[in-house]
Structure formats: C-alpha cells, structure tokens
Amino acid sequence: MRRLIPLLLPLPALAQDVEIPLGIEVVTGYRSEYVYRGFALADDLIDVQLETEIALSEHWLLGLGGWYGTGTGSGSFDELAAFAALRYDAERWDAGFQAAWHGFDHSLFRDGVDFGPFANWRPNEDWRIGAALSYDTGPDGWYGRFEAEWSQPTGRDSFLSLLAGASGASGYYGRNGANDLYARASWTYAFNRSVAVTPFLGSSFALDSAGSDRLFGGLWFEVNF
C-alpha cells in the first residue's frame, strides 16, 4: 500500500500548492519489489489505490480508501485492503486512530485487521516527524515505527521528498525487538492541479537476524478530482 492516512504504510502526498477540488485521489503504480514493514512480499508489484478525505469539522477529518496489489514476478501474490482513519488536524501537528483490513493470497502474511494510534509533528513547512503503533490480528502481534520526512520544492510544479525511519515489532511474524531501518527518496512532478507522477527509490535494512536488506524502486501515477 502506498500509504495509510497519515503514512502508516510508506507513500508521499502531492505538493502543497496542488489543490484537490473534491478530495478524491487515485494512485496506480509499479515497484520492483514490494517491501512491507521490512518483509519482502512480492517482486514486480502493480497496485492501485483509491482514497478520499472528508472534513467532519474544522479540525476533524475522516479518511477512507482501498488498495489492491498484484505481483507479476516469479510466484503469485495478491493483496486487497480497505482502510479508514479518523484524524485531528492542528496547525503544526495531527493525531488520530487508523484501522485497515488486509487480505492476502499466496503470502507469508495472514488476513487480518490492523489498528492503532498515530501522530505527526510539523515543526516547519519542510519537516514532518511521525510515530505510529498498531496491533495486527493476522500474526497477533505489534508493530511500531518512528520516522522523519523532509520535503523541498524543486520548481513551481515539483518537489523532492526524503524519508527515513526505524521500526520495531513484538510477536510480528516471528520478529521481536528492533525490526528495520528504512528510507525512501521520491520526486513528484505535477502536470496540473489534477495529475502528478512520482518516481521513487526505497530501502530496508534489517535489524532482526530473520530479515534481509532490500533495495527497490518504482513509479506512482496520481490523479485527483
């Protein structure tokens, strides 16, 4: 999944000066390897995500969406997910609670519901510092992460984003303690207020002896309406 509101799974938003008239975003993309929470689940993944955010009041927002991904490399893999997040958005920070259902086919992961709190702090327009904790009924385990993201315009219609973080797990598919260090570099170009493209490179460096180091890349194509 590209991202859960707000960024429980790894995915960038459009540039801040790109308006979203109706608040609906459709993202389709390709990645050379699907690495989720430090686990390599599939090669050559193609995915599509639909997401919307509804303003309940001046500060409260409800995000809803769905995601489908299928592997086209060796072996077969499919994932279907639906997610929701209730978020309180202030000037420099936001916090809330998210929940997602995941269904897997031909994967080491099991179907289940993933839920927990999250928070993000924005000390200025360039930085975001976030943390999240979730419980997954699939493995009956916990997953947490802490990350920082820096973004900077590279022109009137584009921006660069760099993200780095660390994660930990407890009873999460055999992993306990430190899980991985992860990073992503992406560049987004908006053709207009509705269409943008984002190439990216990502990595995951295992902190658990059961994991392995991964490097991958891909491309997202984003449409807002």
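Each remark here, short or long, concerns the structure printed above.
Quick caveat, the model's predicted, so the values are computed rather than measured.

(A) Focus on the overall build of the protein chain. Within the protein chain one finds 0 helices and 12 strands. When the elements of the protein chain are put in sequence order from the N terminus, they spell out β-β-β-β-β-β-β-β-β-β-β-β. Taken across its 225 residues, the protein chain has 45% of its residues classed as buried. Restricting the contact set of the protein chain to residue pairs at least 6 apart, pairs at least 24 apart contribute 49%. A total of about 10,400 Å² of accessible surface is found on the protein chain, and carbon and sulfur atoms cover 63% of it.

(B) Structural context of the side chain of Arg37. Looking at the element boundaries, Arg37 is found in the loop between β1 (24-36) and β2 (39-55). Relative accessible area serves as the criterion here: at 5%, Arg37 is assigned to the buried category.

(C) Expanded view of the nonpolar core. One finds Tyr34, Leu41, Phe77, Phe109 and Tyr172 to be the most contacted residues of the largest nonpolar core, which totals 17 residues. Of all elements in the fold, only β1, β2, β4 (78-89), β5 (93-105) and β9 (158-172) reach the threshold of two or more residues within this core. For this core, the element with the most residues is β2, which contributes 4 residues. Those residues in contact with Tyr172, other than ones at most four positions away along the chain, are Tyr36, Arg37, Phe39, Phe109, Asp136, Pro139, Gly141, Trp142 and Tyr143. Among the nonpolar cores identified, the runner-up in size contains 5 residues, and Val27, Val35, Phe200 and Phe216 belong to it.

(D) Focus on a nonpolar patch on the surface. On the surface, Val48, Tyr68, Leu80, Phe97, Trp101, Val113 and Phe115 cluster together into a nonpolar patch covering about 600 Å² of accessible area. Taken together, the elements giving at least two residues each to the nonpolar patch come down to β5 and β6 (112-121).

(E) Representation of the sheet that holds strand β8 (residues 141-155). On the basis of which strands lie adjacent, the closed barrel formed by 12 strands has the order β1-β2-β3-β4-β5-β6-β7-β8-β9-β10-β11-β12 and antiparallel pairing. Sheet twist, expressed as the mean angle between neighbouring strand axes with direction ignored, is 20 degrees. Where β1 lies against strand β12 (residues 214-224), 7 bridges are found, and the strand directions are antiparallel. Opposite Val27, over in β12, you have Glu222 as the bridge partner.

Cut-off values and rules
- Residues numbered from 1 in each chain as written.
- Predicted model: local features only at pLDDT ≥ 70, side-chain atom pairs only at ≥ 80, totals over all residues.
- Heavy atoms only, no water.
- Helix = DSSP H or I, 4+ residues; strand = E, 2+ residues; numbered from the N terminus.
- Buried < 20%, exposed > 50% of the residue type's maximum accessible area, 1.4 Å probe, protein only.
- Contact = heavy atoms within 4.5 Å.
- Areas by Shrake-Rupley, 256 points an atom, 1.4 Å probe, with all protein chains shown as cover.
- Core = buried A, V, L, I, M, F, W, Y, C linked by side-chain atoms within 4.5 Å.
- Patch = residues over 30% accessible without salt bridge, like charges linked within 9 Å, V, L, I, M, F, W, Y side chains within 5 Å.
- Salt bridge = Lys/Arg side-chain N within 4 Å of Asp/Glu carboxyl O.
- Pairing = 2+ DSSP bridges.
- Axes fitted to C-alpha atoms, helices over the stretch in contact; angles between N-to-C directions.

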